[in-house]
Amino acid sequence: MGQKKKVFTKDYTDGLLNEPELAQEDWEELIHRAEALQRLPHIVNPLAAARFDKAVKACDAIAKEFSGRIKAAVDFETYEATIVLECAYIEFRHHEFMETLAALSLISQNIQITSTPSELFRLDISMPYFVPLPS
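In this text the structure is predicted, and so the values were computed from the model without any measurement.

*Asks:* Sorry, what's going on with the pattern of salt bridges here?
*Replies:* It is possible for side chains bearing opposite charge to pair when their charged atoms get close. On inspection of all chains with the given rule, the structure shows 3 salt bridges. With its nearest N and O atoms 2.8 Å apart, the salt bridge here joins aspartate 124 to arginine 122. A single network of salt bridges, built from pairs that share partners, joins Arg69, Glu86, Arg122 and Asp124.

This is the structure we're talking about:
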């Protein structure tokens, strides 16, 4: 008799309720460092800006394919560049979209996949765009 299927399951949801909290002094240190970085003057990194523009076009194609929506923003006050993609359904099966996902994983600072209250899949993508000038 041949094998019918192989299944691996494990439930880690209990850990969501028991995550250790950061100590107050650690939060204060993180906030202090972030504020110090924000005070430094920044310049646009032309290579990062070009990559961001290319990523926006690729994410726009995904939003169009899956009847979703996209919002891309570059904030010159907080020095952040983000792309938010919301779709009811996303599938990275097309060669084109797999390449997009692989490229984003290499050039982004962070990709977070969550769901919205209206049950859409939401991809928050943070990308480099600015470089702090040494003081």
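*Asks:* What is the right way to read the side chain of histidine 42 from this model?
*Replies:* For histidine 42, the position within the fold is in strand E1 (residues 42–44). Leave out the neighbours within four places in its chain, and histidine 42 touches Leu37, Tyr79, Phe130, Val131, Pro132 and Leu133.

*Asks:* Even after reading the chapter, I still don't get helix H2 (residues 46–65), so can you show me in this structure?
*Replies:* One full turn of an α-helix is made of 3.6 residues, so residues set three or four places apart face in the same direction. For H2, with 20 residues, the first-to-last C-alpha span of 29 Å sits near the 28 Å given by 1.5 Å per residue. Buried within H2 are the following residues: Ala48, Ala49, Phe52, Ala55, Cys59, Ile62 and Ala63. With its buried residues spanning 130 degrees around the axis, H2 presents them on a single face. H2 presents Pro46, Lys54, Lys57 and Lys64 as exposed residues on the side facing more than 90 degrees away from its buried surface. One side-chain oxygen of the residue at the start of H2 lies 3.0 Å from the amide nitrogen of leucine 47, identifying that residue as asparagine 45. Downstream of H2 by a residue or two, serine 67 has a phi angle that is positive, lying close to 50 degrees.

*Asks:* Any chance you could explain a nonpolar patch on the surface here in plain terms?
*Replies:* A contiguous nonpolar surface patch, about 380 Å² in accessible area, is contributed by Leu22, Trp27, Leu30 and Ile31. Looking at the element boundaries, leucine 22 is found in the segment before helix H1 (24–39).

*Asks:* Please clarify how the packing of aromatic side chains should be interpreted in this entry.
*Replies:* Aromatic rings considered in pairs are described by the distance between their centres and by the relative angle of their planes. Taken as a whole and assessed by the stated rule, the structure comprises 7 aromatic pairs. Look at phenylalanine 66 and tyrosine 89: their rings are 5.5 Å apart centre to centre, the planes differ by 70 degrees, and that puts the pair in the edge-to-face class. Highlighted residues: phenylalanine 66 in the loop between H2 and strand E2 (69–75) and tyrosine 89 in the loop between strand E3 (80–87) and helix H3 (95–107), separated in sequence by 23 residues. A centroid spacing of 5.2 Å and a plane angle of 85 degrees characterise the contact between phenylalanine 76 and phenylalanine 130, whose relative ring orientation is edge-to-face. One end of the pair, phenylalanine 76, is in the loop between E2 and E3; the other, phenylalanine 130, is in strand E6 (residues 130–132), and 54 residues separate them in sequence. Take phenylalanine 76: its relative accessible area is 54%, and that puts it in the exposed class.

Procedures and definitions
Residues numbered from 1 in each chain as written. Predicted model: local features only at pLDDT ≥ 70, side-chain atom pairs only at ≥ 80, totals over all residues. Heavy atoms only, no water. Salt bridge = Lys/Arg side-chain N within 4 Å of Asp/Glu carboxyl O. Helix = DSSP H or I, 4+ residues; strand = E, 2+ residues; numbered from the N terminus. Contact = heavy atoms within 4.5 Å. Expected span 1.5 Å × (residues − 1). Buried < 20%, exposed > 50% of the residue type's maximum accessible area, 1.4 Å probe, protein only. Arc of directions from axis to C-beta. Polar contact = N/O pair within 3.5 Å; in protein donor to acceptor, adjacent residues only side chain to side chain. Patch = residues over 30% accessible without salt bridge, like charges linked within 9 Å, V, L, I, M, F, W, Y side chains within 5 Å. Areas by Shrake-Rupley, 256 points an atom, 1.4 Å probe, with all protein chains shown as cover. Phe/Tyr/Trp six-rings, centres within 6.5 Å; stacked < 30°, edge-to-face > 60°.

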